[in-house]
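Letter by letter, the chains look like this.
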Amino acid sequence: MSQDLPVGLPVPPAAERHRARLLRYASRLTSGDLHRAEDVVQETMLRAWLTDLDGYDEQHRLAWLMRVARNLAVDARRRDRAVPVGAMPEDMLHRPDGAGDPADTVVNRQVVRRALAQLSHEHREVLFHVHLRDRTRAEAARLIGVPQGTVKSRNHYALEAIRREIPAA
C-alpha cells in the first residue's frame, strides 16, 4: 500500500486502508444513502482512531471496523424510527376532546379485539402488563414468572402479529 503513495507522504493509519470498502458496506447498510453512509464511515474511523487497532491483524481489524459500522447504521435507523413522546399529528392538536366519528371508534375497537383474540394467552398477558399497565420488562417478568428475555420476545412477536392483522398499526 505504501508503495502507491507519493514519496514523503506518511502511510495512512491501519483503519484508513479499508475506507473505500467500508464506505461500500455502509452504503448497503443505509439503503444507498451516501450521506448517511459517509457519516457512518467517519464515525467508524473516529472510533478506530480512538482505539488502538495496531495490535490487530488485517482480518480482525476489518471485522472490527465492519461491526462498528453496522452498529452505527442500526443505531441511526432506530433513532430515525423513534417518535418523541408527546408528538402528535398537527390535525390532532386542533380537535376538540371526544371529536370523531363514533362509528370509527366502534370499528377500531372491533378490529383490535379481533387481533388480540388471535394471540395466545401468553402474548396477551405480556401486552397487558407492558403496554396497558406500563410496567417494565423486569416487573412484567417477575409478575408473570418468566425471564425478562421471554417477556421481550413475547412482546415482539405479539406486536408483530397484531401489525400483520391490522395493516395500519
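Residues numbered from 1 in each chain as written. Predicted model: local features only at pLDDT ≥ 70, side-chain atom pairs only at ≥ 80, totals over all residues. Heavy atoms only, no water.

Student: How should a nonpolar patch on the surface be read in this particular structure?
Tutor: The grouping of Leu46, Trp49 and Leu50 at the surface amounts to a nonpolar patch, some 390 Å² of accessible area in total. Residue placement: Leu46 occurs in helix α2 (residues 34-50). (Patch = residues over 30% accessible without salt bridge, like charges linked within 9 Å, V, L, I, M, F, W, Y side chains within 5 Å. Areas by Shrake-Rupley, 256 points an atom, 1.4 Å probe, with all protein chains shown as cover. Salt bridge = Lys/Arg side-chain N within 4 Å of Asp/Glu carboxyl O. Helix = DSSP H or I, 4+ residues; strand = E, 2+ residues; numbered from the N terminus.)

Student: Looking at this structure, I do not really get the confidence of the model for the protein chain. What am I missing?
Tutor: Do not read the fine detail of predicted coordinates wherever pLDDT is low. Looking at the protein chain as a whole, the pLDDT averages 82, with 79% of positions reaching at least 70. Between the elements of the protein chain, mean pLDDT differs from a low of 58, seen in helix α4 (residues 90-93), to a high of 93, seen in helix α7 (residues 137-144). (pLDDT = per-residue confidence, 0-100.)

Student: Sorry if this is basic, but what is going on with the pattern of salt bridges here?
Tutor: Two side chains of opposite charge can pair, provided their charged atoms sit close to one another. On inspection of all chains with the given rule, the structure shows 5 salt bridges. Measuring nitrogen to oxygen at the nearest pair gives 3.2 Å for the salt bridge that ties Glu58 to Arg17. Taken as a pair, Glu58 in helix α3 (residues 58-81) and Arg17 in the segment before α1 (19-29) lie far apart in primary sequence, 41 residues in all. Judged by relative accessible area, which is 36%, Glu58 ranks as partly exposed. The residue Glu43 makes a salt bridge to Arg47 at a minimum N-O spacing of 3.0 Å. (Buried < 20%, exposed > 50% of the residue type's maximum accessible area, 1.4 Å probe, protein only.)

Student: How do you make sense of the environment of Arg19 when you look at a structure like this?
Tutor: Topologically, Arg19 is positioned in helix α1. Looking at Arg19, the relative accessible area reads 26%, which means it is partly exposed. Sequence separation between Arg19 and Leu62 is 43 residues, and the spatial gap between their C-alpha atoms is 9.9 Å. Ignoring any residue separated from it by four or fewer positions in sequence, one finds Arg19 in contact with Glu38, Val41 and Met45. Among the polar contacts listed, one links the side chain of Arg19 to the side chain of Glu38, at a separation of 3.3 Å. (Contact = heavy atoms within 4.5 Å. Polar contact = N/O pair within 3.5 Å; in protein donor to acceptor, adjacent residues only side chain to side chain.)

Student: Just to check I follow, could you spell out the packing of α2 against α3 for this structure?
Tutor: Each pair of packed helices can be described by the angle between their axes along with the distance between the axes. Where α2 contacts α3, the two axes come as close as 9 Å, and the packing angle between them is 130°. Taken together, α2 and α3 sit at an angle that is classed as oblique. Viewed along their axes, α2 and α3 form a crossing whose handedness is right-handed. Residues Arg36, Val40, Glu43, Thr44, Arg47 and Ala48 of α2 form the contact with α3, whose own contacting residues are Trp64, Leu65, Val68, Ala69, Leu72, Ala73, Ala76 and Asp80. (Axes fitted to C-alpha atoms, helices over the stretch in contact; angles between N-to-C directions. Parallel < 35°, antiparallel > 145°, perpendicular 65-115°, else oblique. Left-handed = near helix turned anticlockwise from the far one by under 90°.)

Student: Just to check I follow, could you spell out unusual backbone geometry for this structure?
Tutor: Positive phi, close to 55°, is recorded for Ser31, a residue that is not glycine. Following the sequence through the fold, Ser31 ends up in the loop between α1 and α2. Of the residues examined, Ser31 reaches a relative accessible area of 72% and is grouped as exposed. Despite not being glycine, Asp134 has its phi angle at roughly 55°, a positive value. The class for Asp134 is exposed, based on a relative accessible area of 65%.

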